[in-house]
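These are the residues of each chain, in order.
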Amino acid sequence: MSTTTRHPQPAAAASPHALPDPGEQVPTLSWPIVGICTAALAVFGVSTWAALTGAVPAIFTIAASSAAIFVLFTVLHDASHYSISSHRWVNVAFGRVAMFFVSPLISFKSFAFIHIEHHRNTNDDDSDPDHWVSSAPWWQLPIRFPAMDLPYIGFLVKNVRRRPRTEVLETVALMTFSLTVIVTATCTGNLWTLAVIWLLPERVAMFVLAWWFDWLPHHDLEDTQSENRYRATRNRVGSEWILTPLLLSQNYHLVHHLHPSIPFYRYVAAWRRNEEAYLERDSAISTVFGQQLDATQYREWKRLNGKLAALLPVRMPRSSAARHAGTHPIPVKSVEPLTPGSVKVTFDVPDHLRDQFQFQAGQHLTVRHRIGGREVRRNYSICTSATSGELSIGVRHIAGGVFSTFAVEMLCTGDVLELMTPTGSFGGPLEPLARRDYVAVAAGSGITPILSIMRTTMEIETESRFTLFYGNRTAESTMFAAELDELESRYADRLRMFHIRSDEAHHPAALRGRIDLAMVQRLLTGDLSSIDRWYLCGPSDLVTTMREDLASEAVPTERIHLELFRGTTRSTNIDAFRKAEVTITLSGAERTVELAAGDTVLESALKNNIDAPYACLGGACGTCKARVTTGEVSMEQNLALTAAEVGAGYVLTCQSHPTTPTVAVDYDS
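Just so it is clear, the model here is predicted, and its values are computed rather than measured.

## Topic: the overall build of the protein
(1) Moving on: Secondary structure assignment for the protein yields 22 helices and 21 strands.
(2) Moving on: Based on the C-alpha atoms only, the size of the protein along its principal axes is roughly 85 × 60 × 55 Å.
(3) Moving on: Once local pairs closer than 6 in sequence are excluded, the contacts in the protein between residues at least 24 apart make up 69%.
(4) Moving on: Total accessible area computed for the protein in this model is approximately 30200 Å², and 56% of it derives from carbon and sulfur atoms.

Rendered as structure tokens:
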């Protein structure tokens, strides 16, 4: 197959949209605010009395006072947006009372200024005072959450010349008062009492506030308020019966940022009033467990009416952080026999390399090892679920196979193998709310990537269905037989397996022989073209024949994903290929080399001692994938890249011959 590839053009930027009408007005007096403020002050008073009299253990006072301060922050928050009352002085009065409990280190007016700057500059680095929390590395969060008011003080100092003198003096007075109280309590031996009554509850409340009111709505969102106000913060849907009262409606934080003057208890009503308008503007939405939803997925989530399946805390698998396939020494954790001639090899990936060895279902590893004094390089598919945190391959013994013989007969726990980071694109993208039908056809060790794809799909897409046709000679030669039985039992309502045996006389007649399209049609009893995605893996004659037969039955080729054990034989005709100058980018370094007529891009790299990644050399594995950035190439065959990857400029360098005098490829893309 010959494919010409050009560098793609960037997509056009999205157009801005107007802000929908919230349909809510600031009340004369917000009675819910009056209610929660009164209740919080009462709780704080009672817990303080209990601490002073010793009526209850200190932990109960700390918990009760923390909850009271947490609630008083919503009073402070609404006051800073002047949404408690249409009378300005009422907001200031409530704000000053609440501020005294939440953090008496700055004045209410200073807090209001800082908070409004957050609204203006959401996610905009140093211009957003809350970005100190929302953009923090995960390991710093336990430190930054309870110290959230410290960057506020720094922000105020940086902008002190912009603030009225009375506001600054009020802040200085509050700081002085707070420090005086702490010093006095220390000198009189009452520091622990002060800590129980206020210091510890205030820090606990600050921790929760930073987590729930700042980090949850804003983390991992890249748009700023000025760039896209609909995606600078998010709504968090699901379990509203508990989440909305617990977070005091801040699970609808997007509504607050779009309409800051709406009282907290009207956020949900404003969302429902304009839901379609917000969805049309691609608003940021996630489930309670953090799964991001676009408008279509959100409507499907609503249609499912909050089914538990749509809300399960699914951990979406991440891809390898490696820019290209790199090699690392990895110890063997275990070697488990599967059949008399096959083993499952599990690796003990060190913590510092785990992000490099993250993988998508259907990807594979290239294994390098010196056996008998020479380097052996083989490619094996990963068999574990992409969400499991485990990295394993299945190896079946091949007569005369150097590495497979070594793995089955000699490989032991503790041995170290050279592994390339995961490559390949056999598996397709998964979506938690999708409802798809999948069919996989595998033979022999072709089950290895299929097993990973099935496991991951069943875990993530809880409404999808999967059918497997798995061919082997006998039951004894069936790899992963016990794991397949367990998988089918776990997902019996959504997963069907047909074990096809070619050498068992007692096996049911309908499942005896070799897999072909007629057998698949008979057992599926449905329209082949209605299947959303086909996975084919096994010997080349099975895979290529099945692909051709499916295409002849009007199955769209983009729905057919295939993986071969190895590529087909390359052409030996080199006269059609020209010499060229090739620039190769790898690991941030750039080299320009001369490519001889007939050589592939990969061959020219290896001849010039450039350690470019590769495995099968037959266009089947995708390990040597790179992006063409200058010039054009022709691929002899492509059995690994998707049409989208080819369209984006990617090629298999082991199959690529330049068709222009100069070509540049980037393995790091």
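## Things to note about the packing of aromatic side chains
(1) Moving on: One pass over the structure, following the stated rule, counts 23 aromatic pairs.
(2) Moving on: With a centroid separation of 6.1 Å and an interplanar angle of 35 degrees, the aromatic rings of Phe 111 and Tyr 152 are classed as tilted. With a gap of 41 residues between them, Phe 111 in helix H4 (residues 108–120) and Tyr 152 in helix H7 (residues 149–158) connect regions that are remote in the sequence.
(3) Moving on: Judged by its relative accessible area of 3%, Phe 111 is buried.
(4) Moving on: Centre to centre, the rings of Phe 207 and Trp 211 are 6.5 Å apart; their planes meet at 80 degrees, and the pair counts as edge-to-face. Linking Phe 207 with Trp 211, this pair stays in helix H9 (residues 191–218), spanning 4 residues, or about one helical turn.
(5) Moving on: The class for Trp 211 is partly exposed, based on a relative accessible area of 35%.

## Side note on the packing of helix H1 (residues 31–53) against helix H3 (residues 88–102)
(1) Moving on: The interhelical angle for the contact between H1 and H3, taken along N-to-C directions, is 35 degrees, at an axis separation of 12 Å. Like other packed secondary-structure pairs, H1 and H3 cross with a definite hand, here left-handed. Contacts from Ile 33, Val 34, Cys 37, Leu 41 and Phe 44 in H1 reach Phe 94, Val 97 and Phe 101 in H3.
(2) Moving on: In the contact of H1 with H3, the residues fall into 8 nonpolar, no polar and no charged.

## Regarding helix H16 (residues 402–409)
(1) Moving on: Among the residues of H16, Phe 403, Ser 404, Phe 406 and Ala 407 are the ones counted as buried. Buried positions in H16, seen along its axis, are confined to an arc of 160 degrees and lie on one side of it.
(2) Moving on: Considering only its buried residues, H16 is in contact with strand S4 (327–339), strand S5 (342–347), strand S6 (364–371), strand S7 (374–381), strand S8 (391–396) and strand S9 (416–420).

## Here we look at the nonpolar core
(1) Moving on: Leu 72, Val 75, Leu 76, Phe 94, Ile 106, Trp 271 and Tyr 298 are the most contacted members of the largest nonpolar core, which has 73 residues in total.
(2) Moving on: For this core, the leading source of residues is H9, giving 12 residues.
(3) Moving on: For Phe 94, the contacting residues outside a window of four places in its chain are Ile 33, Val 34, Cys 37, Val 75 and Ile 84.

## Let's talk about the pattern of salt bridges
Side chains that differ in charge, positive against negative, can pair when their charged atoms come close.
(1) Moving on: Evaluated as defined, the whole model comprises 17 salt bridges.
(2) Moving on: Residue Asp 282 is joined to Arg 231 by a salt bridge in which the shortest nitrogen-to-oxygen separation is 3.7 Å. Of the two residues, Asp 282 sits in the loop between helix H13 (275–280) and strand S2 (285–287) while Arg 231 sits in the loop between H9 and strand S1 (235–237), which places them 51 residues apart along the sequence.
(3) Moving on: Owing to a relative accessible area of 22%, Arg 231 belongs among the partly exposed residues under this scheme.
(4) Moving on: Note that Arg 377 is salt-bridged to Glu 375, the shortest N-O span being 3.5 Å.
(5) Moving on: Residue class for Arg 377 comes out buried when judged on its relative accessible area of 12%.
(6) Moving on: Among the residues examined, Glu 375 registers a relative accessible area of 38% and is labelled partly exposed.
(7) Moving on: Salt bridges here are not isolated pairs; linked through shared partners, they connect Asp 149, Glu 202 and Arg 203.

## Some thoughts on the sheet that holds S7
(1) Moving on: Within the open sheet, the 6 strands sit side by side as S7-S6-S9-S4-S5-S8. Their pairing is antiparallel. Two strands bound the open sheet, and with one partner strand each, they are S7 and S8. Between one strand and the next, the sheet's axes are offset by a mean angle of 40 degrees, whatever the strand orientation.
(2) Moving on: Judged from the 6 bridges that link them, S5 and S8 form a sheet pairing that is antiparallel. In the strand pairing of S8, Lys 344 is matched with Gly 394.
(3) Moving on: Contacting S4, S5, S6, S7, S8 and S9, H16 runs over the sheet at an angle of about 75 degrees to S7.

## Notes on helix H14 (residues 295–303)
(1) Moving on: The complete set of buried residues in H14 reads Ala 295, Gln 297, Tyr 298, Glu 300 and Trp 301.
(2) Moving on: The opening residue of H14 is Asp 294, an N-cap whose side-chain oxygen sits 3.2 Å from the backbone nitrogen of Thr 296.

## As for the pairing of strand S15 (residues 580–586)
(1) Moving on: The element S15 is largely enclosed, with a buried count of 6 among its 7 residues.
(2) Moving on: Sheet topology places S15 next to strand S16 (residues 589–595); 7 bridges connect them, and they run antiparallel. Counterpart to Thr 583 in the pairing with S16 is Thr 592.
(3) Moving on: Two elements, S15 and strand S21 (residues 662–666), share 5 bridges in a ladder whose sense is parallel. Bridging from a neighbouring strand, Glu 581 pairs with Thr 662 of S21.

## Some points on the packing of helix H2 (residues 58–80) against H4
(1) Moving on: Their axes nearest at 9 Å, the elements H2 and H4 cross at an angle of 75 degrees. It follows that H2 is roughly perpendicular to H4 by the angle criterion. Together, Phe 73, Leu 76, His 77, Ala 79 and Ser 80 of H2 and Phe 108, Phe 111, Ala 112, His 115 and Ile 116 of H4 make up the contact between the two elements.
(2) Moving on: Considering only residue class, the contact of H2 with H4 consists of 7 nonpolar, 3 polar and no charged.

## A word on the environment of Thr 642
(1) Moving on: Looking at the secondary structure, you find Thr 642 in the loop between strand S18 (633–635) and helix H22 (643–647).
(2) Moving on: When the C-alpha positions of Thr 642 and Ser 425 are compared, they lie 7.4 Å apart, and in sequence the two are 217 residues distant.

## Concerning unusual backbone geometry
(1) Moving on: In this structure, Leu 248 takes a positive phi of about 50 degrees despite not being glycine.
(2) Moving on: By the element assignment, Leu 248 lies in the loop between helix H10 (240–246) and helix H11 (253–258).
(3) Moving on: Even without glycine at this site, Asp 282 takes up a positive phi of about 55 degrees.
(4) Moving on: In this structure Asp 282 comes out as partly exposed when scored by relative accessible area, which is 38%.

Procedures and definitions
Residues numbered from 1 in each chain as written. Predicted model: local features only at pLDDT ≥ 70, side-chain atom pairs only at ≥ 80, totals over all residues. Heavy atoms only, no water. Helix = DSSP H or I, 4+ residues; strand = E, 2+ residues; numbered from the N terminus. Contact = heavy atoms within 4.5 Å. Areas by Shrake-Rupley, 256 points an atom, 1.4 Å probe, with all protein chains shown as cover. Phe/Tyr/Trp six-rings, centres within 6.5 Å; stacked < 30°, edge-to-face > 60°. Buried < 20%, exposed > 50% of the residue type's maximum accessible area, 1.4 Å probe, protein only. Axes fitted to C-alpha atoms, helices over the stretch in contact; angles between N-to-C directions. Left-handed = near helix turned anticlockwise from the far one by under 90°. Nonpolar A, V, L, I, M, F, W, Y, C, P; charged D, E, K, R; others polar. Arc of directions from axis to C-beta. Core = buried A, V, L, I, M, F, W, Y, C linked by side-chain atoms within 4.5 Å. Salt bridge = Lys/Arg side-chain N within 4 Å of Asp/Glu carboxyl O. Pairing = 2+ DSSP bridges. Polar contact = N/O pair within 3.5 Å; in protein donor to acceptor, adjacent residues only side chain to side chain. Parallel < 35°, antiparallel > 145°, perpendicular 65-115°, else oblique.

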